[in-house]
Amino acid sequence: MTRVSGRSCIVTGAAQGIGRAIGEALLEEGADVCFADINEEKVAAVAEANRERAVRCGGKVTHAVVDVTSRAQVRAMIDHAVAQFGKLDVKFNNAGVNKPMNFLDVTEENWRFIMDVNGLGCLIGMQEAAKQFIRQGTPGKIINTASVASRQGFDNVAPYCASKWGVVSLTQSGARDLAKHDITVTGFAPGVVATEMWEQVDKDLMEIGAADRPGQAMDEFSSVILKGRVATPHDITGTTTFLASKDSDYMTGQIVMIDGGMTLV
Ligand code: NAD
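The sections below set out a description of the structure shown in this document. (Residues numbered from 1 in each chain as written. Predicted model: local features only at pLDDT ≥ 70, side-chain atom pairs only at ≥ 80, totals over all residues.)

1. Comments concerning the site of the ligand
Right, on to step 1. The full set close to the ligand counts 28 residues, and Gly 13, Gly 17, Gly 96, Thr 195 and Met 197 are the nearest of them.
Right, on to step 2. Examining the composition of the shell around the ligand, we find that 3 residues originate from one element, helix α1 (residues 17-28), more than from any other.
Right, on to step 3. Tallied by class, the residues present in the shell around the ligand amount to 12 nonpolar, 13 polar and 3 charged. (Near = placed C-beta within 6 Å. Helix = DSSP H or I, 4+ residues; strand = E, 2+ residues; numbered from the N terminus. Nonpolar A, V, L, I, M, F, W, Y, C, P; charged D, E, K, R; others polar.)

2. With respect to the environment of Ala 44
Right, on to step 1. Within the secondary structure, Ala 44 sits in helix α2 (residues 40-49).
Right, on to step 2. C-beta crowding within 10 Å serves as the criterion here: with 16 such atoms nearby, Ala 44 is assigned to the partly exposed category.
Right, on to step 3. The spacing of Ala 44 and Ala 64 is 20 residues in sequence and 7.9 Å in space, taken between C-alpha atoms. (Buried ≥ 20, exposed ≤ 12 C-beta atoms within 10 Å, placed from the backbone.)

3. Remarks on α2
Right, on to step 1. Turning to α2, its buried residues are Val 43, Val 46 and Ala 47. Looking straight down α2, one finds its buried side chains confined to an arc of 95°; they lie on one side. Of the exposed residues in α2, those oriented more than 90 degrees away from the buried face are Glu 41 and Glu 48.
Right, on to step 2. In this structure, the buried residues of α2 make contact with α1, β2 (32-37) and β3 (61-65). (Arc of directions from axis to C-beta. Contact = placed C-beta atoms within 7 Å.)

Geometric descriptors of this kind do not, in isolation, establish any biological role.
Okay, here's the thing in C-alpha cells:
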C-alpha cells in the first residue's frame, strides 16, 4: 500500500506536460487515473502508453476527452471516471492556456480565452467534483494548478497572471465553502517548467517582439531562479502526489510554491 493506492483521480490537461506527469506519478504509486484533455488523439495515446504501468502498479487507467469550459463535458468526464473506478477521490484542475500579448494590445478575445479556460474551467471543475463527492458521501480533494504568475505580474501576460490570481482566490474560497462537506481544496504554483506550452509561448513572444529566439525567456528566467535552472514536470510531481495523498489531509486553502526559489529573488 502507498499513500495514494486505490485513490481514484482525474487530471485535466493531461495529454502532455505537467498534467501528464502528475497522472503518471499517481499511477506509479498505485492510484487509478483518468487522463483528461481537449486533445483527443494525444490523451488517448497517453492512456494507452500507461496501460503497462497501471497493471504493474496495481491501478487502473482511462482517459476522457473534455473541454474544461463546458459543464456538460466536465460532468460526462466525471461520470466516465466513476463508471470506470467506482468513485472519485481526487480532482486536479490543471488544464491551462497562455497567449502572450503586449499589455496595450490585449484584446477582449485574448482575455476571454484565457479567463475561460484558466478561470471558468477551474470553477466548473471544482463545482462538479464537489457535487460528486457530496453525492458519494465521501471526503474529497480538489487540487488546482496556479502559477508564480498568481503571486506577481510578468511582462506581456497580464490576462494569464489575472487568471492565475483567480485560481488562488477560487482555491481559498472553495476551501471555505466546501469544508463543511469534508472537501479540501489546495493548489500548487509552479515556476517555469519546460513543457510543450513554451513552444507556442516562445513563438508568440517572438511575434510581438518580446524575444529574438526560442528559449530566450527560459534562459532569462533561469538566471533569477535560486536552483539555477527551470523545472522539469518531474520536479513538480512529488508535491502533487503528496497533495493527492492522505498525508496532506489536514491541509486546505493553501497554495504550495514549487518554483526553485524564483519568487524569493
Ligand atoms: P501544456 O500546454 O504543455 O499542457 C496543457 C494541456 O491542457 C494541453 O494538453 C492542452 O491540450 C490542455 N488544454 C488546453 N485547453 C483545454 C481545455 N479547454 N480543456 C481541456 N484541456 C485543455 O501546459 P503545461 O505547461 O503542462 O501547463 C499545465 C498547467 O500548469 C497550466 O495550468 C499552466 O498554466 C500551469 N503552469 C505551467 C507553467 C510552465 O512553465 N509550463 C508554469 C506555471 C503554471
